[in-house]
Number of protein chains: 2
Amino acid sequence: MKVAIYGYGNLGKGVEIAANFAEDMELFGVFTRRNPDSLKTLSGAKVLSADDILKYKGEIDVVIICGGSATDLPTMTPDLAKHFNVLDSFDTHAAVPTHFENVDKAAKEGNNLALISCGWDPGMFSLNRLYASAILPDGKDYTFWGRGVSQGHSDAIRRIDGVKDARQYTVPIDAALESVREGKNPELTTRQKHLRECYVVVEEGADLERIEQEIKTMPNYFADYDTTVTFITEEELRANHSGIPHGGFVIRSGFTGQNKEHKHIIEYSLKLDSNPEFTASALVAFARAVVKMRSRGDVGCITAFDVAPRDLSPLSNEELRAHLL
Amino acid sequence: MKVAIYGYGNLGKGVEIAANFAEDMELFGVFTRRNPDSLKTLSGAKVLSADDILKYKGEIDVVIICGGSATDLPTMTPDLAKHFNVLDSFDTHAAVPTHFENVDKAAKEGNNLALISCGWDPGMFSLNRLYASAILPDGKDYTFWGRGVSQGHSDAIRRIDGVKDARQYTVPIDAALESVREGKNPELTTRQKHLRECYVVVEEGADLERIEQEIKTMPNYFADYDTTVTFITEEELRANHSGIPHGGFVIRSGFTGQNKEHKHIIEYSLKLDSNPEFTASALVAFARAVVKMRSRGDVGCITAFDVAPRDLSPLSNEELRAHLL
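Residues numbered from 1 in each chain as written. Chains lettered and ligands numbered in written order. Predicted model: local features only at pLDDT ≥ 70, side-chain atom pairs only at ≥ 80, totals over all residues. Heavy atoms only, no water.

(A) Representation of the overall build of chain A within the structure. Assigned secondary structure in chain A consists of 11 helices and 14 strands. The C-alpha radius of gyration computed for chain A amounts to 22 Å, which stays within 12% of the reference 20 Å derived for 325 residues, consistent with globular compactness. Viewed in the frame of its principal axes, chain A has a C-alpha envelope of about 65 × 60 × 35 Å. Pairs at least 24 apart in sequence give 69% of the contacts found in chain A among residues at least 6 apart. Roughly 13,600 Å² of accessible area belongs to chain A as shown, and the carbon and sulfur atoms make up 46% of that amount. Computing the positive centroid from 36 side-chain charges and the negative centroid from 47, chain A places the two 3 Å apart. (Helix = DSSP H or I, 4+ residues; strand = E, 2+ residues; numbered from the N terminus. Rg over C-alpha atoms; globule rule 2.2 N^0.38 Å. Contact = heavy atoms within 4.5 Å. Areas by Shrake-Rupley, 256 points an atom, 1.4 Å probe, with all protein chains shown as cover. Lys, Arg positive; Asp, Glu negative; His and termini not counted. Charge placed at Lys NZ, Arg CZ, Asp CG, Glu CD.)

What follows is the structure, encoded as structure tokens:
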């Protein structure tokens with residue numbers, strides 16, 4: 001199957017690596033909104049102008065859209081779904097229903113299949129919330145994120161006057177995790193679930209006390225959390241905080257038995273050295289499913305919820321049953 | 001949807017409780033090979049003779065078969081699949097391909113849909129092996145079982161001369177689990193992964209040393225493991241070992257990045273107070289999917305690999321996307 005990448009940031013690079021590793025896939029090329037001549041790909045995949053993509057209609061089995069959720073994907077995904085089978089990693093949870101409708105309309109118009117919100121949350125975490133709640137309907141779900149870098153929170157710190165650079169880690173609080181794992185079904189406040197660690201590089205002569213206060217009291221981002229602020233040098237930031245790790249936990253605790261006397265804990269966790277490369281790997285597996293499902297006649301918009309797991313694998317159904325069941 | 005239970009042991013009772021909890025299901029009744037008059041169900045569900053089940057053809061949407069894998073299911077599931085949509089929890093991994101073929105033929109003959117090998121392993125553990133290997137193809141899978149009661153191993157001990165009763169726990173070894181979680185991709189022997197704890201009640205005057213030796217040297221069951229044998233009284237067995245807990249871990253550790261420089265750990269774990277009731281809860285969720293899929297025209301044999309997760313839930317696709325994605 002011929003796979004194209006649309007957008008070449010960290011996510012697009014991750015897709016390139018993962019698609020090259022897949023023996024049943026051929027990388028058609030990378031489409032960029034930048035000047036194609038200015039861009040050199042990791043694997044030597046050819047670079048094409050995003051403006052020209054319609055010229056390749058019919059030559060590409062699926063386009064993996066590697067844009068941002070805030071401004072790119074809401075228009076990019078429906079626009080491309082009119083002409084290609086597509087996937088995106090749209091992750092603004094509250095806006096999913098609207099995005100779904102727009103993409104569904106466009107994909108049906110073009111007789112294509114589009115999968116949105118692929119990755120780990122939304123994505124693998126969503127799937128685990130669904131499986132666990134279907135099997136243990138009498139229970140409670142908990143999602144914890146981290147330890148990992150939040151790009152949005154790091155950006156928010158960078159916008160503060162006197163800040164040169166910053167890295168923010170979201171950290172799940174052990175005591176909360178443990179109480180969930182023990183099946184105590186606690187009611188947890190925002191502050192009890194996660195804390196926020198900030199590593200901040202400032203301009204020379206900046207007012208450290210003011211910056212720390214601005215961070216800790218920032219509404220939505222930090223005010224509801226226990227937040228630590230550590231000032232470090234640019235060198236320390238580069239040496240110790242250049243990665244983009246992330247991960248987290250989805251835990252469901254539920255009950256069975258005539259008198260709810262039996263407790264069950266289902267836990268799914270991810271510990272990821274590279275958030276974008278893991279998301280990219282999920283996109284590539286689900287791209288395989290999109291191509292298979294489209295070849296069976298499916299069109300419109302779908303999510304990971306609609307994909308039979310066997311379609312994610314390059315193995316045959318017989319091999320899967322013999323070796324993984 | 002009308003759900004029938006075929007077989008009324010621990011698993012059948014678990015299905016009864018779970019199906020009664022599901023608002024979209026109605027329990028048609030329990031079919032038993034025993035004398036129906038001798039059997040009283042937990043919820044008052046009506047009891048019918050297994051011999052009469054064909055009389056109810058057309059009145060039941062799905063039959064959940066709660067028999068054993070060794071002797072019941074290999075014939076029971078194909079026989080019933082000729083006349084009803086069915087599910088079973090067939091768990092003899094090596095015999096899955098043969099069982100699948102037999103059930104597939106029968107189900108197609110009867111124009112029915114049959115799902116086999118539902119539960120947690122095979123079942124949820126299989127699904128997690130599949131998802132994880134599709135997303136991280138460059139990696140390694142590990143499955144650990146326990147801490148939990150192994151019925152087969154407990155039975156093997158009970159067959160030893162002088163043994164009145166026994167309970168065997170399979171226990172994953174922490175050091176092995178930790179080394180997998182750290183992404184070290186170790187090669188582990190059988191002995192390094194699990195140990196076996198045996199609690200044994202003996203006849204008066206039995207030769208404890210001989211029994212302990214017979215257990216520890218029993219081929220296939222214990223010889224390849226570090227095994228502890230603890231002799232206890234019947235009262236202690238009843239007081240401390242009457243539950244049927246189980247669980248375990250599926251962990252995949254894999255790599256991404258141009259030079260495989262990024263490590264990722266996916267871990268799925270279950271901690272179950274009641275092995276049969278959890279399996280029953282999985283059967284009930286997948287029974288819902290079987291009915292939905294059959295109503296869309298699917299026939300033949302399938303496994304959990306073939307089920308789009310949305311079909312497991314009583315919620316609509318819109319609700320799932322809005323609340324769980």
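Text resumes after the structure shown.
(B) Spotlight on the sheet that holds strand S10 (residues 194-202) of chain B. Residues and elements named next belong to chain B. In space, the 4 strands of this open sheet follow the order S8-S9-S10-S11, with mixed pairing throughout. Two strands close off the open sheet at either side, each with one partner strand: strand S8 (148-149) and strand S11 (226-231). Sheet strands touched by helix H8 (residues 208-216): strand S9 (163-172), S10 and S11. Its angle to S11, the strand with the most contacts, is close to 150 degrees. (Pairing = 2+ DSSP bridges. Axes fitted to C-alpha atoms, helices over the stretch in contact; angles between N-to-C directions.)

(C) Up close: the relation of the copies chain B and chain A. The transform that puts chain B on chain A rotates by 180 degrees and translates by 0.0 Å along the axis, for an RMSD of 0.0 Å. Both copies are brought into coincidence by an operation consistent with a two-fold rotation axis. Interface overlap between copies: 100% of the residues of chain B at the interface are likewise at the interface in chain A, consistent with a symmetric, same-surface contact. (Least-squares fit on C-alpha atoms with pLDDT ≥ 70 in both.)

(D) How the structure looks around the confidence of the model for chain A. The pLDDT averaged across chain A works out to 97; a share of 100% of its residues lies at or above 70. ipTM for the predicted complex: 0.96, alongside a pTM of 0.96. (pLDDT = per-residue confidence, 0-100.)

(E) Broad picture of the pattern of salt bridges. Considering all chains together, one arrives at 48 salt bridges over all chains under this definition. Among the ionic pairs, Lys260(A) bridges to Asp138(A), the shortest N-O distance being 2.5 Å. In this pair, Lys260(A) is assigned in the loop between strand S12 (246-256) and strand S13 (262-272) and Asp138(A) in the loop between helix H4 (124-135) and strand S7 (139-145), connecting sequence segments 122 residues apart. A residue is classified by how much of its surface remains accessible, and Lys260(A), at 44% relative accessible area, is partly exposed. As a salt-bridge pair, Arg321(B) and Glu318(B) come within 3.8 Å of each other at their nearest N and O atoms. Placement of both Arg321(B) and Glu318(B) in helix H11 (residues 317-323) is noted, with a separation of 3 residues, approximately one turn of the helix. (Salt bridge = Lys/Arg side-chain N within 4 Å of Asp/Glu carboxyl O. Buried < 20%, exposed > 50% of the residue type's maximum accessible area, 1.4 Å probe, protein only.)

(F) Looking closely at the side chain of Thr32(B). All names here are of chain B. Inspection of the secondary structure puts threonine 32 in strand S2 (residues 26-32). Overall, threonine 32 belongs to the buried group, its relative accessible area being 2%. Filtering out sequence-adjacent residues up to four positions away, threonine 32 remains in contact with Leu39, Val47, Leu48, Ser49 and Ala50.

(G) Seen up close, the nonpolar core. Core analysis: the biggest nonpolar cluster contains 164 residues, and Phe286(A) and Phe286(B) have the highest contact counts within it. With sequence-adjacent residues up to four places away left out, Phe286(A) is seen in contact with Leu87(A), Leu115(A), Cys118(A), Met124(A), Leu127(A), Ala304(A), Val307(A) and Leu312(A). (Core = buried A, V, L, I, M, F, W, Y, C linked by side-chain atoms within 4.5 Å.)

(H) Structural view of the packing of helix H1 (residues 10-21) of chain B against helix H10 (residues 275-295) of chain B. Residue and element names in this part refer to chain B. H10 packs onto H1 with a crossing angle of 55 degrees between their chain directions and a minimal axis gap of 8 Å. By the angle class used here, H1 and H10 are oblique. Here H1 runs over H10; the crossing is right-handed. Residues Asn10, Leu11, Gly14, Val15, Ile17, Ala18 and Ala19 of H1 form the contact with H10, whose participating residues are Pro276, Glu277, Thr279, Ala280, Ser281, Leu283 and Val284. (Parallel < 35°, antiparallel > 145°, perpendicular 65-115°, else oblique. Left-handed = near helix turned anticlockwise from the far one by under 90°.)

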